[in-house]
Amino acid sequence: MSTETVVTRASSHGRVENTPVLEVTDLTVTFPGRNGDPDVRAVRGLGYTVRRGEVLGIVGESGSGKSVSAMAAMGLLPDHAEVTGSVRLHGEEILGLDERTMARKRGRVISMVFQDPLSGLTPVYTVGDQLAEAVLTHEPRTSKAGARARAVELLDLVGIPHAEQRYRSFPHEFSGGMRQRVMIAMAMANDPDVIICDEPTTALDVTIQAQILDLLRTARRRTGAAVVMITHDLGVVAGFVDRVLVMYAGRAVEIGDVDDVYHRSRMPYTVGLLGAVPRVDLESQGALVPVEGAPPSPSNLPPGCPFAPRCPLALPECDEAEPELLEPGAGSLGGSGQGGAVGGRGRGSEPHRVACLRSGEIAERGWTARDIYPVPDIPESSFSGVPRRERREVLRVTDLAKHHALTKGVVFKRRVGTVYAVDGVDFDIREGETLALVGESGCGKSTTLMEIMGLKKPQRGSVTVMGRDSAKLTRTDRFALRRDMQIVFQDPTSSLDPRMTVFDIIAEPLRTHGRSPSETTRRVYELIALVGLGAEHVTRYPAELSGGQRQRIGVARALALEPGLLVLDEPVSSLDVSVQAGVINLLRRLQAELGPAYLFVSHDLAVVRHVADRVAVMYLGRIVEIGETRRVYSRPAHPYTQALLSAIPLPDPARERTRTHVVLDGDPPSPSAPPSGCRFRTRCQKFVTLPATDRERCTEVEPGVVAVSDGDQGAACHFAERREIL
């Protein structure tokens, strides 16, 4: 595969650049197999160019080769990796350079922001010393005082408060968002020409993600660097990049201007990925488009097009040879061969190219994801016509509190404070209904969930499940009640016993509650079919299943005893978007068919809009807004909810470029020292606009949840105002 033709293009900085800053040609990375195992072909013939001031987004499912290709460009792969092809930086070949020469370029000419900042920073040095080291390494003539001043300047530039004092802080004393800010400061310390960002926002809350993206835009403006953004989040890509490269099985399958790829995609894989994304801006999206199956193993690729086994449009010719990356319609089996005119060249001058034999046909017929992929029908729930007040109550939480003691000392411990993890939470769930708990990390979502699942007397307040107060349950009562409430955990890999077969995993709760062997066997096969798996899966172990299949097993196990309440703790956060769509569709179908209520804990507000009937927004251990999902999303009343929804990137480049985001300052305060009065006031965008008397009220009086509309919506804000955000 040859690299793209270098053409003249006006950058976002107003310059015209003819020469690419970074040029990758026919890059191949192979990890040799050991002990007779086949070689792992992680990257196969990848090519792309990036010019000064341009942002290229590289997207694809896990295992597609995104991060490996970036590490190859940086020269950071292990010695046993076999790397061929060409990587040119300002026209100079850097692939194969010795480590000393490459080290002089890293950080100065090309730098990287890693996915996990905690492992990217040295724990035994202060963040300031690490920044100063990055400066001194490439500017040895700089004095130590000058390097320190530059480090403080960088910390201040990336928004670290009290930069002079925080210079002496260690990485573990920073939050995840602040650590990522330090990584970005380090990447831009020497004004590099290329910044590679490897999933820089993956583990961050949506509000912190918005801050980091805003910061990366600042870094791009300040340095004029070309940026390569590697991510699986199609919303992040839409509003941030100029061009998109879609990878599958180690190679590019579509590349082009961001508008062309999002609005005129001609590769079934890309079309499927975009169709699988839940949209926070759509009130009714219907069933998501699932891309069935899993990516092939890079050590055992199928013949021909590697996507053919998952592609509904696959033809016999697709198995004969892997298609070249060409303009839509060129080399197609179907269509008139004029598909390139349909896709166009978008806002830029780079051609839109696709590796698919049917790209011309897709262009001519205007096929969308719903035309290409079979979309399941979600049946209507039997409760859909029943008013909420007439449904049976399955869970009620009243004034729930969970406080942890802060202690000091080893031998003689003494209490020095209190962590207010959950501090007065009220909500209820009715049968056949889904309530979502959302909020940033540390807001108390998971603690609330664990207090409910414990079925014990809470420190304060009450938890009533199926009409029974948890504080009054005996051990026998608690065991019996667990049949009516089950949980699906966030990580299916760690929640399934690796030594048990799928049959034994699903059968375990049935055996525990005294079901007969014949009834257990019948129920296991019934559940396997219910979650969309085949009978052949029952003899397999979790390690032999994909992530989506493991999560389906977790759902099957939770449904084994036909519970009335299913608690879902971030059930799709660890899955690729294509797999996530299938699990979300499954959960909606099972609720419609079987009628359980869901308590859905998530930080992904787009997923929540798609699955939840009601939503409760938490902040520092309290609910700040609660109500019907449609009302809360269409016109949120609390400033925090407005900021959360504003921060969610939309997978629509045109809309995302014109949106105004509310970017909150800093991180949430510590739950051990919540602010007086309104807990959100220290970050509230509305607080700073209020007159002094109103600010005093916010400072001194903690607001309770009050109705803000005629319908089902309440907010804990003295000056709540419903606003349209999306």
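Anything mentioned here points back to the structure above.
Residues numbered from 1 in each chain as written. Predicted model: local features only at pLDDT ≥ 70, side-chain atom pairs only at ≥ 80, totals over all residues. Heavy atoms only, no water.

1. Thoughts on the overall build of the protein
Within the protein one finds 26 helices and 25 strands. Radius of gyration (C-alpha) of the protein: 27 Å, near the 27 Å computed for a compact globule of 726 residues. Across the 726 residues in the protein, those meeting the buried criterion constitute 56%. Nonlocal contacts in the protein, meaning residues at least 24 apart in sequence, comprise 70% of its contacts between residues at least 6 apart. If you sum the accessible surface of the protein, you get close to 30000 Å²; carbon and sulfur atoms cover 48% of it. Here the protein contributes 87 positively and 91 negatively charged side chains, and the mean placements of these two sets differ by 5 Å. (Helix = DSSP H or I, 4+ residues; strand = E, 2+ residues; numbered from the N terminus. Rg over C-alpha atoms; globule rule 2.2 N^0.38 Å. Buried < 20%, exposed > 50% of the residue type's maximum accessible area, 1.4 Å probe, protein only. Contact = heavy atoms within 4.5 Å. Areas by Shrake-Rupley, 256 points an atom, 1.4 Å probe, with all protein chains shown as cover. Lys, Arg positive; Asp, Glu negative; His and termini not counted. Charge placed at Lys NZ, Arg CZ, Asp CG, Glu CD.)

2. Quick word on the nonpolar core
Core analysis: the largest hydrophobic core is formed by 148 residues, its most contacted members being Val244, Tyr262, Phe307 and Ile553. Broken down by element, this core gets its largest block of residues, 8 residues, from helix H8 (residues 206–223). When residues no more than four places from it in sequence are discounted, the contact partners of tyrosine 262 are Leu234, Val237, Ala238, Val244, Leu274, Pro651 and Pro653. Counting 37 residues, the second-largest nonpolar core is a separate cluster that includes Val21, Val43, Leu56 and Ile94. (Core = buried A, V, L, I, M, F, W, Y, C linked by side-chain atoms within 4.5 Å.)

3. A few points about the sheet that holds strand S13 (residues 353–354)
The strands that make up a sheet pair up through hydrogen bonds in the backbone, lying either parallel or antiparallel. Taken in spatial order, the 7 strands make up an open sheet running S8-S9-S10-S5-S11-S12-S13, and their pairing is mixed. Each end of this open sheet is capped by a strand with a single partner; those strands are strand S8 (110–113) and S13. Here strand S11 (residues 243–248) runs beside strand S12 (residues 251–257); their pairing, made up of 6 bridges, is antiparallel. Looking at S12, one finds that valine 246 is bridged to glutamate 254. (Pairing = 2+ DSSP bridges.)

4. Section: the environment of glutamate 570
Counting through the fold element by element, glutamate 570 comes out in the loop between strand S20 (565–569) and helix H21 (577–594). Residue glutamate 570 is classed as buried on the basis of its relative accessible area, which comes to 10%. Separated by 34 residues in sequence, glutamate 570 and aspartate 604 have C-alpha atoms that sit 8.6 Å apart. Once residues lying within four places of it in the same chain are set aside, the contact partners of glutamate 570 are Lys445, Gln490, Val601, Ser602 and His603. Within polar-contact distance, the side chain of glutamate 570 engages the side chain of histidine 603 at 3.1 Å. (Polar contact = N/O pair within 3.5 Å; in protein donor to acceptor, adjacent residues only side chain to side chain.)

5. Some words on the side chain of serine 470
Within the element layout of this structure, serine 470 appears in the loop between strand S18 (468–469) and helix H16 (475–481). The exposure class of serine 470 is buried, given its relative accessible area of 2%. Beyond its immediate stretch of four places on either side in the chain, serine 470 contacts Leu455, Lys456, Lys457, Pro458, Val463 and Arg478.

6. Notes on the pattern of salt bridges
Taken as a whole and judged by the stated rule, the model has 45 salt bridges. Of the charged contacts, one joins arginine 522 and glutamate 526 as a salt bridge, the two residues approaching to 3.1 Å between their closest N and O atoms. A residue pair is termed a helical-turn pair when its members lie 3 or 4 positions apart in one helix, as arginine 522 and glutamate 526 do in helix H19 (residues 517–530) at 4 residues. Overlapping salt bridges, with partners in common, bring together Arg388, Glu393, Arg396, Asp428, Arg430 and Glu433 in one network. (Salt bridge = Lys/Arg side-chain N within 4 Å of Asp/Glu carboxyl O.)

7. Some words on the pairing of strand S3 (residues 22–31)
S3 sits mainly inside the fold: 7 of its 10 residues count as buried. Here 7 bridges tie S3 to strand S4 (residues 40–50), and the two strands are oriented antiparallel to one another. Note on S4: the bridge partner recorded for glutamate 23 is threonine 49. In this structure, S3 lies alongside strand S6 (residues 82–89), joined through 7 bridges in antiparallel fashion.

8. Observations regarding the packing of helix H4 (residues 127–138) against helix H5 (residues 144–157)
Working note: a packed helix pair is described by the angle between its axes plus the distance between those axes. Axis separation between H4 and H5 bottoms out at 8 Å; the angle between their running directions is 115°. When you trace H4 past H5, the crossing you get is right-handed. Contacts between H4 and H5 pair Gly128, Leu131, Ala132, Val135 and Leu136 from the former with Ala147, Arg148, Arg150, Ala151, Leu154 and Leu155 from the latter. Here the contact of H4 with H5 is composed, by residue class, of 8 nonpolar, 1 polar and 2 charged. (Axes fitted to C-alpha atoms, helices over the stretch in contact; angles between N-to-C directions. Left-handed = near helix turned anticlockwise from the far one by under 90°. Nonpolar A, V, L, I, M, F, W, Y, C, P; charged D, E, K, R; others polar.)

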